[in-house]
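One letter stands for each residue in the lines below.
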Amino acid sequence: MTHLWVRAESRANEERVGITHDGVARLLALGFAVTIEDSPTRVIPTEDYRQAGATIVPEGSWRDAPEDAIVFGLKELPDDGTPLRHRHVMFGHAYKGQGAGQRLLARFAAGGGALYDLEYLVDDTGRRVAAFGYWAGYAGAAISALAWAAQRKGRTCPPVTTWPNADAMLSECRTALSDSPRPDALVIGALGRVGTGVRDLCAALDIPVTAWDMAETASGGPFPEVLRHGLFFNCILAAPGVPVFVPRDAGTRDRALRVIGDIACDPDSDYNPVPVYDRATDWTAPVLRVHDAPPLDVMAIDNLPSLLPRESSDDFAAQLLPHLETLDRLDAGVWGRARETYETHKKETGA
């Protein structure tokens with residue numbers, strides 16, 4: 001019997017979950033065993049999972065789960081160096097040279113477990129089968145709009161926390177912008193999941209958008225148009241060949257640009273297409289001011305979907321559930337490809 005063990009998230013400000021109670025009921029009906037760790041912060045109450053038929057266990061008890069359990073979470077495990085003996089489904093952030101990622105791979109090698117990275121669950125065309133991108137874009141655009149409104153009042157964007165739903169987030173943005181002229185926005189990567197979320201939030205706030213995708217950036221730059229818009233949104237992951245969209249000296253140039261929403265958020269990458277900043281921002285300080293007179297703020301929060309935990313959980317869980325239903329065939333399909341990716345990177349790092 002395939003046993004899915006859903007762990008509680010240990011990262012601060014993380015209320016999301018990758019499977020709903022309805023999804024649990026579906027897996028149980030298919031003959032899976034499902035264990036849910038209790039969590040006081042998860043957006044879906046533990047009691048809902050209990051009523052769906054799951055076995056409930058204490059938070060953090062995945063370490064003592066049966067050897068054959070598949071441990072499922074979203075964000076990082078505690079970075080405590082302990083060997084990992086289970087098969088884990090999670091966002092590992094381990095395949096792009098990250099220091100913490102190398103330690104994670106070493107822990108799997110030491111314990112004999114394996115990583116099935118959610119970022120690398122792809123279909124046979126190489127397209128990801130489940131992602132939080134839409135809500136990252138939506139929330140990132142909202143925080144950037146709040147930063148614009150704060151700037152107009154001579155301030156920086158105040159701290160943020162989770163919203164109960166997208167309507168509440170949108171309402172707060174409308175209130176903040178009620179006495180401000182609307183900026184115009186340029187979105188690069190506008191046709192993807194992230195870019196679609198950005199465009200939808202901007203449309204709801206009556207912010208005019210210039211939408212660019214691969215065709216508009218194929219020249220490789222430079223792109224002076226970026227500096228002519230009040231808002232700029234980068235929705236393209238850093239990778240070899242991605243051009244620079246905002247030059248390093250953008251702050252000193254003649255520009256209308258006041259707020260950058262770097263939703264892809266790769267400040268420590270050699271291929272960062274927005275090299276005007278060097279670190280991610282967070283909920284307590286959502287923007288980094290990189291230039292004054294006139295101001296230029298960068299929003300680069302790396303867990304944006306967590307600001308809307310209910311919508312982002314429901315959306316992601318719906319995308320992922322058809323693939324969770326095939327966990328009894330871990331050597332095939334999306335899971336087989338994810339395992340191959342893990343083995344390749346483990347070998348490359350010598351883990």
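What you see is a predicted model; the values in this text were computed from it and never measured.

Undergrad: Let's hear about the nonpolar core: which residues, and what values?
TA: If you look at the biggest cluster of nonpolar residues, it comprises 49 residues, and the most contacted ones within it are F72, L118 and W335. Setting aside residues no more than four positions away along its own chain, F72 makes contact with L4, W5, V6, R7, G18, I19, V89, L118, L320 and L324.

Undergrad: Tell me what's going on with the pattern of salt bridges, and back it up with residues and numbers.
TA: All told, the structure shown has 17 salt bridges when counted by the stated rule. Its salt-bridge partner being R11, residue D302 comes within 3.0 Å of it at the nearest N-O pair. Here D302, found in the loop between strand 12 (296–299) and helix 8 (309–324), pairs with R11, found in the loop between strand 1 (3–6) and helix 1 (21–29); they are 291 residues apart in sequence, far enough to count as distant. Among the salt bridges present, the one from D314 reaches R310, with a minimum N-O distance of 3.2 Å. One end of the pair is D314 and the other is R310, both in helix 8 and four residues apart, which spans about a single turn. D314 sits in the partly exposed class, given a relative accessible area of 32%. The class for R310 is partly exposed, based on a relative accessible area of 29%. Each of the salt bridges in this network shares a partner with another, and the network as a whole consists of R11, E76 and D302.

Undergrad: Which residues make up the sheet that holds strand 6 (residues 114–117), and what values do they have?
TA: Pairing is parallel across the open sheet formed by six strands, whose spatial order is 3-2-1-4-5-6. Of all the strands in the sheet, the pair left with one neighbour each is strand 3 (55–57) and strand 6. Neighbour to neighbour, the strand axes of the sheet diverge by 25° on average, direction disregarded. Taken together, the four bridges between strand 1 and strand 2 (residues 33–37) define a ladder with parallel strand orientation. Residue W5 lies in a different strand from strand 2, and its bridge partner there is T35.

Undergrad: So what's going on with the packing of aromatic side chains? Which residues, and what values?
TA: According to the stated counting rule, one finds twelve aromatic pairs in the structure shown. Aromatic pair F108 and Y342: ring centres 6.0 Å apart, planes at 75°, arrangement edge-to-face. With a gap of 234 residues between them, F108 in helix 3 (residues 99–111) and Y342 in helix 9 (residues 333–349) connect regions that are remote in the sequence. For the pair F108 and Y342, one class covers both residues: buried. Judged by centre distance (4.9 Å) and plane angle (85°), the ring pair of Y134 and W135 falls under edge-to-face. For Y134, a relative accessible area of 22% gives the class partly exposed. Accessibility expressed as a relative area gives 13% for W135, which makes it buried. The structure contains a cluster of three or more aromatic residues connected by ring pairs, namely W212, F223, F232 and F245.

Undergrad: Got a sec to walk through unusual backbone geometry? Specific residues and values, please.
TA: Omega for the bond connecting G221 with P222 falls within 30 degrees of zero, at 5°, which places this linkage in the cis form. Within the secondary structure, P222 is located in the loop between helix 7 (214–217) and strand 9 (231–234). Of the consecutive residues A293 and P294, the connecting peptide bond is found in the cis state with omega at -5°. Looking at the secondary structure, you find P294 in the loop between strand 11 (287–291) and strand 12. Phi is positive for C265, which is not a glycine, with a value near 55°. Considering the arrangement of structural elements, one finds C265 in the loop between strand 10 (259–262) and strand 11.

Undergrad: Give a description of the environment of N272 that names residues and reports values.
TA: Relative to the helices and strands, N272 is located in the loop between strand 10 and strand 11. With residues near it in sequence (within four places) discarded, N272 still touches A238, D262, D266, P267 and Y277.

Undergrad: Lay out the side chain of D266 in plain terms, naming residues and giving numbers.
TA: Locating D266 in the fold gives a position in the loop between strand 10 and strand 11. Note on D266: relative accessible area 18%, which makes it buried. A distance of 3.0 Å separates a polar atom in the side chain of D266 from the backbone nitrogen of A238.

Undergrad: So what's going on with helix 1? Which residues, and what values?
TA: Buried within helix 1 we find H21, G23, V24 and L27. All buried residues of helix 1 fall inside an arc of 155° around its axis, so they share one side. Looking at helix 1, the residues exposed on the side facing more than 90 degrees away from the buried face are D22 and A29. Where helix 1 is buried, its residues contact strand 1, strand 2, helix 2 (46–52) and helix 8.

Undergrad: Lay out the state of the cysteines in plain terms, naming residues and giving numbers.
TA: Covalently bonding the sulfur atom of one cysteine to the sulfur atom of another cysteine gives a disulfide. In this structure the tally under the stated criterion is zero disulfides. Of all cysteine sulfurs, the one in C235 lies closest to C265, which takes part in no disulfide; the gap is 12 Å. Judged by relative accessible area, which is 13%, C265 ranks as buried.

Undergrad: Tell me about the pairing of strand 11, residues and numbers included.
TA: In the sheet, strand 11 pairs with strand 12 via four bridges, with the strands oriented antiparallel. Bridging from a neighbouring strand, H291 pairs with L296 of strand 12. Two successive antiparallel strands, strand 11 and strand 12, enclose a turn made up of four residues, where A293 displays a positive phi of approximately 50°.

Rules behind the numbers
Residues numbered from 1 in each chain as written. Predicted model: local features only at pLDDT ≥ 70, side-chain atom pairs only at ≥ 80, totals over all residues. Heavy atoms only, no water. Core = buried A, V, L, I, M, F, W, Y, C linked by side-chain atoms within 4.5 Å. Buried < 20%, exposed > 50% of the residue type's maximum accessible area, 1.4 Å probe, protein only. Contact = heavy atoms within 4.5 Å. Salt bridge = Lys/Arg side-chain N within 4 Å of Asp/Glu carboxyl O. Helix = DSSP H or I, 4+ residues; strand = E, 2+ residues; numbered from the N terminus. Pairing = 2+ DSSP bridges. Axes fitted to C-alpha atoms, helices over the stretch in contact; angles between N-to-C directions. Phe/Tyr/Trp six-rings, centres within 6.5 Å; stacked < 30°, edge-to-face > 60°. Polar contact = N/O pair within 3.5 Å; in protein donor to acceptor, adjacent residues only side chain to side chain. Arc of directions from axis to C-beta. Disulfide = S-S within 2.5 Å.

These values are about where atoms sit, not about what they do.
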